[in-house]
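Here is what each chain is made of, one letter per residue.
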Amino acid sequence: MSSLSFENVKKVYDNGHLAVKDFNLEIEDGEFIVFVGPSGCGKSTTLRMLAGLEEITDGIIKIDEKIVNDVEPKDRNIAMVFQNYALYPHMNVYNNMAYALKNQKMDKKLIDKKIKEAAKLLEIDQYLDRKPSKLSGGQKQRVALGRAIVRNPKVFLMDEPLSNLDAKLRLQMRTEINRLHKELKSTIIYVTHDQTEAMTLGDRIVVLKDGIIQQVDTPTNLYNNPKNKFVAGFIGSPQINFINASVKDDKLYVDKNIVDISNYKNLKNYNNKDITIGIRAEDISFEDEFENGFSLNAKISIIESLGSEDIVYTEFNGQEIILRDFKNRNFKIGDVHKIYLNANKMKFFDNETKEVI
């Protein structure tokens, strides 16, 4: 287990592409940190710089207060789990897990003990004599995790390890990784583009865009208190709704609806300006159930039935508004219905800066 720190870390490639800009982060011993963001946001590049697989252009990376900028990857005591498993096809599971330990000239009895303990922990002890070609995707990923565990590294780095698995296996492996973290009490940095993985795994989540940290926070705070439109839109499923609005004479106008904003002191500075409302699907209803709310007439465009609930997509003034409905109503595409929005749950965003107001 280890603490980590990034201080003003920057990565510029030879072609001039700025992949990571002024990355600052402190990670405590035993934390599970998730880097999340769209493709090309710099999350894997940052992970590879920590592992020593990418050269740092500027800044400092420390492991346990020791600067590791010029330390060879093999000497950083970091174990990495890749998306493609990276198993040796000609070796069985046992030898795949033992490979790094044998290179360290570790005692054979200790190697055997470590492998059997890790295999039991991961429930792959019955597959130790099999080649990777005889394993399922989930079993291969367990072997890759086991190979990392036996090394007893200071830090586990996981670069989209579940992206090659189907939905059912991803759910199962998320549970396994969560359990392993609790049992091993290890420091883990996990990279994913899947916000569901990020929300269910991380103690804290680092949201990245264009190589810049947008917000670092707990899953709950990211969901409830996003700092800008990008974070609000990236975190949450279904995606948060953005609705055009304006402030005039200390009142909020959404189309022809006037909303009481007396409790929103920050909006006083936006008089006679357009802003954007952010509101989650669960804070919109087909019934007038909110103490402080307002209604819009919206046309139903798509209904996704999930059994226990419907995700209903509606259209209002050219804007898509999504809500959850648990009543399994017999709606028809094209019907116009009144929808009610909980004004107490709205977030407001500056149209120029995209920051929360």
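Our subject is the structure that appears above.
Since this is a predicted model, take the numbers as computed values, not measurements. (Residues numbered from 1 in each chain as written. Predicted model: local features only at pLDDT ≥ 70, side-chain atom pairs only at ≥ 80, totals over all residues. Heavy atoms only, no water.)

Undergrad: Quick question: what am I supposed to make of the sheet that holds strand β16 (residues 293-305) here?
TA: Working definition: the strands of a sheet are paired by backbone hydrogen bonds and lie parallel or antiparallel to each other. Spatially, the five strands line up as an open sheet ordered β15-β19-β16-β17-β18, and their pairing is antiparallel. The outermost strands of the open sheet, each flanked by one partner alone, are β15 (284-285) and β18 (319-325). Where β16 and strand β19 (residues 336-342) come together, seven bridges link them in antiparallel fashion. Paired with L296 across the strands is I339, a residue of β19. (Pairing = 2+ DSSP bridges. Helix = DSSP H or I, 4+ residues; strand = E, 2+ residues; numbered from the N terminus.)

Undergrad: What am I meant to see in helix α2 (residues 93-103) here?
TA: Within α2, the full set of buried residues consists of V93, N96, M97, A98 and L101. Against α3 (108-121) and α4 (137-149) lie the buried residues of α2. At the N-terminal boundary of α2, the capping side chain belongs to N92, with an oxygen 3.3 Å from the backbone nitrogen of Y94. Within two residues after α2, K105 carries a phi angle of roughly 60°, on the positive side. (Buried < 20%, exposed > 50% of the residue type's maximum accessible area, 1.4 Å probe, protein only. Contact = heavy atoms within 4.5 Å. Polar contact = N/O pair within 3.5 Å; in protein donor to acceptor, adjacent residues only side chain to side chain.)

Undergrad: Hey, could you run me through the environment of Q195 in this one?
TA: Checked against the element boundaries, Q195 lands in helix α6 (residues 195-201). Since its relative accessible area comes to 12%, Q195 is described here as buried. Residues Q195 and L184, spaced eleven residues apart in sequence, show a C-alpha to C-alpha distance of 24 Å. Not counting chain neighbours up to four residues away, the residues in contact with Q195 comprise V36, F234, I235, G236 and S237.

Undergrad: What am I meant to see in the pairing of strand β2 (residues 18-27) here?
TA: Relative to β2, strand β1 (residues 4-12) is paired through six bridges, and the arrangement is antiparallel. Across the sheet, residue V9 finds its bridge partner in β2, namely F23. Taken together, β1 and the strand that follows it, β2, pair antiparallel across an intervening segment of five residues, in which G16 is found at a positive phi of about 95°.

Undergrad: What is the right way to look at the pattern of salt bridges in this model?
TA: Note that side chains of opposite charge can pair when their charged atoms are close. Summed over the entire model, instances satisfying the criterion amount to 16 salt bridges. One salt bridge in this structure joins K74 and D75, with 3.4 Å as the shortest N-O distance. For D75, a relative accessible area of 46% gives the class partly exposed. Of the charged contacts, one joins R329 and E287 as a salt bridge, the two residues approaching to 3.4 Å between their closest N and O atoms. One end of the pair, R329, is in the loop between β18 and β19; the other, E287, is in the loop between β15 and β16, and 42 residues separate them in sequence. Each of the salt bridges in this network shares a partner with another, and the network as a whole consists of R142, E176, R179 and E183. (Salt bridge = Lys/Arg side-chain N within 4 Å of Asp/Glu carboxyl O.)

Undergrad: Explanation requested: the packing of aromatic side chains in the structure shown.
TA: Think of a pair of aromatic rings as described by two things: how far the centres are apart, and how the planes are tilted against each other in angle. The final tally for this structure, using the stated rule, is seven aromatic pairs. With centroids separated by 5.0 Å and ring planes inclined at 70°, the aromatic side chains of F6 and F23 adopt a geometry described as edge-to-face. Separated by 17 residues along the polypeptide, F6 in strand β1 and F23 in strand β2 bring together distant segments of the chain. Pair check on accessibility: F6 and F23 agree, each one buried. (Phe/Tyr/Trp six-rings, centres within 6.5 Å; stacked < 30°, edge-to-face > 60°.)

Undergrad: I keep staring at the packing of α2 against α4 and nothing clicks. Help me out?
TA: Any two packed helices are characterised by how steeply their axes cross, that is the angle between the axes, and by the distance between the axes. Direction vectors running N to C along α2 and α4 enclose 30°, while the axes themselves pass 8 Å from each other. Compared by their axis directions, α2 and α4 come out roughly parallel. For α2 against α4, the interelement crossing comes out right-handed. Facing α2, whose interface residues are V93, N96 and M97, α4 presents V143, G146 and R147. Across the contact of α2 with α4, the residue classes tally to three nonpolar, two polar and one charged. (Axes fitted to C-alpha atoms, helices over the stretch in contact; angles between N-to-C directions. Parallel < 35°, antiparallel > 145°, perpendicular 65-115°, else oblique. Left-handed = near helix turned anticlockwise from the far one by under 90°. Nonpolar A, V, L, I, M, F, W, Y, C, P; charged D, E, K, R; others polar.)

Undergrad: It is not clear to me how the pairing of β19 should be interpreted in this structure. Could you clarify?
TA: Taken residue by residue, a regular strand's side chains alternate between the two faces of the sheet. Across two bridges, β15 lies against β19 in antiparallel orientation. Residue pairing for β19: S285 is matched across the bridge by Y340.

Undergrad: Help me out: how do you make sense of α4 in this one?
TA: The end-to-end C-alpha distance of α4 is 18 Å, a good match for the 18 Å that 13 residues give at a rise of 1.5 Å each. Across the 13 residues of α4, eleven count as buried, placing the element largely inside the fold. Regarding α4, the residues found buried are G138, Q139, Q141, R142, V143, A144, L145, G146, R147, A148 and I149. In this structure, the buried side of α4 is in contact with β6 (78-81), α2, α3, β7 (155-159) and α5 (167-184). (Expected span 1.5 Å × (residues − 1).)

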